[in-house]
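# What the coordinates show
The chain contents come next:
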Amino acid sequence: MAGSRREREDGDNPRPDVPRPEATRPEATRPEATARPARSDEATGSTDAAATARPRTSRATRASTAPAAAAAAAPVARRSSALALVLALLCLAAAAGVGVLLWQRFNPSYVDSSIFAATRDGVRALYAYDYEDSEGSIQGKLDVLTGDLRDQYEEDLGQGGIIDTYEQVSATTSYEVLDVGLQQVNDAQDTATLVVFGQYVVQSVNSGEQPAPEGSGCLVTPAGAQSCTQTVQVRVVKVDGDWKISELTLLTTS
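Residues numbered from 1 in each chain as written. Predicted model: local features only at pLDDT ≥ 70, side-chain atom pairs only at ≥ 80, totals over all residues. Heavy atoms only, no water.

## Here's the deal with the nonpolar core
Spelled out, the test is: The term nonpolar core refers to a set of buried residues drawn from Ala, Val, Leu, Ile, Met, Phe, Trp, Tyr and Cys, joined through side-chain atoms within 4.5 Å. For every residue, the accessible area (1.4 Å probe, protein chains only) is compared with the maximum for its type, and the residue is labelled buried under 20%, exposed over 50%, or partly exposed between those bounds. Contacts are assigned to residue pairs that have any heavy atoms within 4.5 Å of one another.
Of all hydrophobic cores here, the largest spans 28 residues; its most connected members are Ile115, Tyr175, Val196, Val234 and Val236. In this structure, Tyr175 is in contact with Val123, Arg124, Tyr127, Val196, Phe197, Gly198, Gln199, Tyr200, Gln230, Thr231 and Val232, ignoring residues within four places of it in sequence.

Right, dumping it as structure tokens:
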């Protein structure tokens, strides 16, 4: 009865449901997922890739470094241009210096005037002859010559040569210098080359009676002499303080 009373009471006053603890099964604790160790080949490949991969730079970075690189290269370019300009100017200056030296050598600012006077007198003496003074005329020629040219004239003017012919026709010869031009003179001004322009005049007992050879360009003067234009080139050298003719070349004659 007691049991039935309790049951009735329970029926009249139901007890709150007390949650029963659910039977829980102990869950097997699974180990947390851990990184799988990389294989040796994968590890090596990733390491090589990391070692060889070049860091990528953004456009902004490249844009920011470009002006800096250009600014750094500008002074180098300017220095190279300046150096090239300096070298070019030095070359021009050297060339101009050489040109001036050559011009001064062949066109000296000052030439000893005695060169011209000695050349005039030397050519006059070389062409002068008077049949009345053959020996004096020959000696006058030899006195203005030197070297091999003097030896040649001394041999040609010996007895039995042209002097005998001049004496037979009572000839006189002379050279009228019209102008003297300097071609070259050395730095020491003791050797020079000049060109002499003038007229070679020959007079003899029959020169006035015979006309000048046709085509020769020579003229017969009122005094009965034949006058022919003649241009010669002479080389003069200073020997013991005196100017002597060492070479003579006939350039033109008429």
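## A few points about the layout of surface pockets
Here is the rule we go by: Here a cavity denotes a set of grid points, spaced 1 Å apart and computed over the protein atoms alone, in which a 1.4 Å probe fits but from which it cannot get out, and a pocket denotes an open set meeting protein on both sides within 12 Å along at least five of seven lines; residues with an atom within 4 Å of a point are reported as lining. Grid points are joined across faces, edges and corners, and a volume is the space filled by probe spheres set on the points. Under the DSSP-based scheme used, a helix requires at least four consecutive residues in state H or I and a strand at least two consecutive residues in state E, with every element numbered from the N terminus.
Computed from the structure, the largest pocket encloses a volume of approximately 240 Å³. Around the largest pocket, the lining residues are Leu126, Tyr127, Tyr129, Lys141, Tyr153, Asp156, Leu157, Ile162, Ile163, Tyr166, Thr173 and Tyr200. Sort the elements by how many residues they give to the lining of the largest pocket and helix H7 (residues 162–168) lands first, with three residues.

## A closer look at the state of the cysteines
We count it as follows: Here, the term disulfide refers to a pair of cysteine sulfur atoms separated by no more than 2.5 Å.
On inspection of all chains with the given rule, the structure shows one disulfide. Between the sulfur atoms of Cys218 and its disulfide partner Cys228 the distance amounts to 1.8 Å. Handedness of the Cys218-Cys228 disulfide follows from its S-S torsion of about 115°: it is right-handed. Here Cys218, found in the loop between strand S3 (191–203) and strand S4 (219–220), pairs with Cys228, found in strand S5 (residues 226–239); they are ten residues apart in sequence, far enough to count as distant. The exposure class of Cys218 is buried, given its relative accessible area of 11%.

## Quick word on the pattern of salt bridges
Rules: A side-chain nitrogen of Lys or Arg and a carboxyl oxygen of Asp or Glu constitute a salt bridge if their distance falls within 4 Å.
Counted by the stated rule, this structure contains two salt bridges. In this structure, Arg150 and Glu154 form a salt bridge, with 3.5 Å as the shortest nitrogen-oxygen distance. Here the residue Arg150 and the residue Glu154 both occupy positions in helix H6 (residues 147–156), the gap between them amounting to four residues, near one helical turn.

## As for the environment of Leu145
Residue placement: Leu145 occurs in the loop between helix H5 (134–143) and H6. Classification of Leu145 as buried rests on a relative accessible area of 4%. Linking Leu145 and Leu126, residues 19 residues apart in sequence, is a C-alpha distance of 8.2 Å. Ignoring anything within four residues of it in the chain, the contact list for Leu145 reads Leu126, Arg150, Tyr153, Lys244 and Ile245.

## A closer look at the pairing of S5
Put simply, the test is: Any two strands with at least two DSSP bridges between them are considered paired.
Pairing between S3 and S5: twelve bridges, direction antiparallel. Within the sheet, the bridge partner assigned to Thr193 lies in S5 and is Arg235. As paired strands, S4 and S5 are joined by two bridges and run antiparallel to one another. Each residue of the ladder has a partner; that of Leu219, found in S5, is Ser227. Remark: five residues form the turn of the hairpin made by S4 and S5, two consecutive strands paired antiparallel; Gly224 in that turn has positive phi of roughly 90°.

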